[in-house]
Amino acid sequence: LKTKDFKNFENLGVISPGHSDNKDIVLFPRKINGRYAMLHRPNHWHKTWCDHLNATGQGPSWPCEVDNLPQNPSIWIGWSEDLKNWTEHQIFLQSSHPGDSKIGPGLPPIETSEGWLVIYHHVEFTETKDSFSYSIRAALFDIDDPTRLIGKLPHHILAPEMDYEKEKSSSIVFPTGSFVINDTLHVYYGASDKYVCLATGSLSQLLGELKNS
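Now for a look at the structure at hand. Note that this is a predicted model, so its numbers are computed, not measured.

### Re the nonpolar core
Within the largest apolar cluster, 18 residues are counted, with the highest numbers of intra-cluster contacts made by Leu117, Ile119, Ala138, Leu185, Tyr189, Leu206 and Leu210. Only strand S7 (115–125), strand S8 (132–141), strand S11 (184–191) and helix H2 (203–212) provide two or more residues apiece to this core. Ignoring sequence-local partners within four residues, the contact set of Ala138 consists of Leu117, Val118, Ile119, Tyr120, Lys152, Leu153, Ile157, Leu206 and Leu210. If you look at the next biggest cluster of nonpolar residues, it comprises 16 residues, including Val26, Phe92, Leu93 and Val118.

Here you go:
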């Protein structure tokens, strides 16, 4: 949507690639090498969905060869000249543990002196049918080439622990927004798809752990 006054809006259309069943699109806060960049999670761009299509006889549509698709829904990056037409989609970050269900963007990437800080949501299967555990994780990418991974923590930085984070059949903390004051990183997150919460921590400590990882 396009607006000048937040009262009247012009609908510019859908920016998601066709048949991607896209989720969680976030934009980098500035152009990179003259182009806009976004992170997104296309639910249908993974091998498990490919197996489903083969079983149902439907035709696939992927941005790469099937063998190069991630096993589960993962984070992709796309590029645009005008914020409307997005091309050159490639895998940005994928889940790496056997118990993972999916990962996806959370916050818009945060520009730091060490690179782009990406705080994303991470979902694991649980022993209960149709139940998942949502946590928050972090990774660091090169400031000039955000497709180059610098470091990724092998553990979450926030997981459901409080009662209000575990009210549903799936325990959920989901990062949605952030800001930085001095060295304190503030992260807004949703809990149980019902509450808005705030977590804080040291930005320099987090960046140090990511560089060492």
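### Overview of the pairing of strand S4 (residues 86–93)
Relative to S4, strand S3 (residues 75–80) runs antiparallel, the two sharing five bridges. By the bridge assignment for S4, Ile75 is matched with Leu93. Two successive antiparallel strands, S3 and S4, enclose a turn made up of five residues, where Leu83 displays a positive phi of approximately 70°.

### Thoughts on the sheet that holds S4
Strand order across the open sheet formed by four strands is S1-S2-S3-S4, with antiparallel pairing between neighbours. The two strands at the open ends of the sheet, each matched to only one other strand, are strand S1 (22–27) and S4. The average undirected angle you get between the axes of adjacent strands in this sheet is 30°. Note: strand S2 (residues 36–42) against S3, five bridges, orientation antiparallel. Paired with Leu39 across the bridge in S3 is Ile77.

### Digging into the pairing of strand S10 (residues 173–181)
By the bridge criterion, eight bridges tie S10 to S11 in an arrangement that is antiparallel. Looking across to S11, one finds that Val180 is bridged to Leu185. Joining the antiparallel neighbours S10 and S11 is a turn of two residues, in which Asn182 adopts a positive phi near 55°.

### A word on the pattern of salt bridges
The full count for this structure, using the stated rule, is seven salt bridges. Ionic pairing is found between Glu88 and Arg35, a salt bridge with its closest N-O pair at 2.9 Å. Taken as a pair, Glu88 in strand S4 and Arg35 in the loop between S1 and S2 lie far apart in primary sequence, 53 residues in all. A salt bridge links Lys211 to Glu114; its shortest N-O distance comes to 3.3 Å. Of this pair, Lys211 sits in helix H2 while Glu114 sits in the loop between strand S6 (110–112) and S7, and the two are 97 residues apart along the sequence.

### Considering a nonpolar patch on the surface
On the surface, a cluster of nonpolar side chains totalling about 470 Å² of accessible area is made up of Phe179, Ile181, Tyr188, Val196 and Leu198. Taken together, the elements giving at least two residues each to the nonpolar patch come down to S10 and strand S12 (195–202). Within the secondary structure layout, Tyr188 lies in strand S11. Overall, the relative accessible area of 36% leaves Tyr188 in the partly exposed class.

The rules behind these values
- Residues numbered from 1 in each chain as written.
- Predicted model: local features only at pLDDT ≥ 70, side-chain atom pairs only at ≥ 80, totals over all residues.
- Heavy atoms only, no water.
- Core = buried A, V, L, I, M, F, W, Y, C linked by side-chain atoms within 4.5 Å.
- Buried < 20%, exposed > 50% of the residue type's maximum accessible area, 1.4 Å probe, protein only.
- Helix = DSSP H or I, 4+ residues; strand = E, 2+ residues; numbered from the N terminus.
- Contact = heavy atoms within 4.5 Å.
- Pairing = 2+ DSSP bridges.
- Axes fitted to C-alpha atoms, helices over the stretch in contact; angles between N-to-C directions.
- Salt bridge = Lys/Arg side-chain N within 4 Å of Asp/Glu carboxyl O.
- Patch = residues over 30% accessible without salt bridge, like charges linked within 9 Å, V, L, I, M, F, W, Y side chains within 5 Å.
- Areas by Shrake-Rupley, 256 points an atom, 1.4 Å probe, with all protein chains shown as cover.

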